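# Reading the structure
Listed here are the chains, written in short residue letters.
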Amino acid sequence: MNLWLVPVDEPSFQRTLAEPIDLSDWDDRPDSFPDRARVWGVRTDPEQGSWKRNRRNLERMERGDPILIYRNSESQYTGTGRVGPMAHTEHVRDEYWDGGPALDVYVVEGYDDSVDVEPETVNRLLGYEESFWPQGLWRVSDDRPTERVVRKFDI
């Protein structure tokens, strides 16, 4: 199990998490994707950047991995969930994210936006420096006590 720290500052990404979106018109939607779901994406479009770290992280993501969502604009952790079905598609990017660089998407299962936690609390639980703040999609390393965060926030 990997714990992911996921940035959601982009308004279009916030919308696809706030309410389930209608995916029924996605022509080549994988069978594993529901007709309606909360969706988040990983920036991997090679035409819009190299995204090497994002690609490496994406390869390590697995269904069921817990996520802790943060908002840089608020300096807060604001939600939790788990990685659901994943797909590589332009559909969500073009229909919901104004053509941004996220081509790899996943369903956020068990989404809970009732979390309102300062970074120092999460940093203390994970053994990070008090001033640590993730940059982009962040995989918490295996040597950190991720179970503390999973239990504390019931992810």
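The notes below deal with the structure included here.

### A word on the overall build of the protein chain
- Looking only at helices and strands, one finds 5 helices and 8 strands in the protein chain.
- Put simply, the protein chain runs from its N terminus to its C terminus through helices and strands in the order β-α-β-β-β-α-β-β-α-β-α-β-α.
- Relative to the 2.2 N^0.38 estimate, which gives 15 Å for 155 residues, the radius of gyration of the protein chain is 15 Å and therefore close to what a compact globule would have.
- In terms of overall dimensions, the protein chain has a C-alpha envelope of 45 × 30 × 30 Å along the principal axes.
- Put simply, the protein chain has 155 residues, and 49% of those count as buried.
- For the protein chain, the exposed area adds up to about 8,000 Å²; of that, 41% sits on carbon and sulfur atoms.
- Charged side chains in the protein chain number 20 positive and 32 negative. The centres of these two groups are separated by 6 Å.

### Some words on unusual backbone geometry
- For Ser 75, which is not a glycine, the phi torsion comes out positive at approximately 50°.
- Its place among the elements puts Ser 75 in the loop between β5 (66–71) and β6 (76–88).
- Positive phi outside glycine occurs at Asp 154, with the angle close to 50°.
- The residue Asp 154 is located in the segment after α5 (146–152) in this model.

### Overview of the packing of aromatic side chains
- Counted according to the given criterion, the structure contains 9 aromatic pairs.
- Taking the centre distance of 5.1 Å and the plane angle of 75° together, the rings of Trp 26 and Phe 33 count as edge-to-face.
- Take Phe 33: its relative accessible area is 1%, and that puts it in the buried class.
- Relative to Tyr 77, the ring of Tyr 70 lies with its centre 5.9 Å away and its plane at 65°, an arrangement referred to as edge-to-face. By the burial criterion, Tyr 70 is buried, and Tyr 77 matches it.
- Seen from the ring of Phe 13, Arg 43 lies directly overhead, with NZ or CZ sitting 5.8 Å from the centre.

### Digging into the pattern of salt bridges
- Tallying each qualifying case throughout the model produces 8 salt bridges.
- The residue Asp 45 makes a salt bridge to Arg 93 at a minimum N-O spacing of 2.8 Å. Here Arg 93 lies in helix α3 (residues 91–96) and Asp 45 lies in the loop between β4 (39–43) and α2 (52–60), a separation of 48 residues in the sequence. When sorted by exposure, Asp 45 lands in the same class as Arg 93, which is buried.
- Where Arg 93 meets Glu 90, a salt bridge forms, and the shortest distance between an N and an O atom there is 3.8 Å.
- Take Glu 90: its relative accessible area is 47%, and that puts it in the partly exposed class.

Cut-offs applied
- Residues numbered from 1 in each chain as written.
- Predicted model: local features only at pLDDT ≥ 70, side-chain atom pairs only at ≥ 80, totals over all residues.
- Heavy atoms only, no water.
- Helix = DSSP H or I, 4+ residues; strand = E, 2+ residues; numbered from the N terminus.
- Rg over C-alpha atoms; globule rule 2.2 N^0.38 Å.
- Buried < 20%, exposed > 50% of the residue type's maximum accessible area, 1.4 Å probe, protein only.
- Areas by Shrake-Rupley, 256 points an atom, 1.4 Å probe, with all protein chains shown as cover.
- Lys, Arg positive; Asp, Glu negative; His and termini not counted.
- Charge placed at Lys NZ, Arg CZ, Asp CG, Glu CD.
- Phe/Tyr/Trp six-rings, centres within 6.5 Å; stacked < 30°, edge-to-face > 60°.
- Lys NZ or Arg CZ within 6 Å of the ring centre and 35° of its normal.
- Salt bridge = Lys/Arg side-chain N within 4 Å of Asp/Glu carboxyl O.

The values are spatial; any link to function lies outside them.
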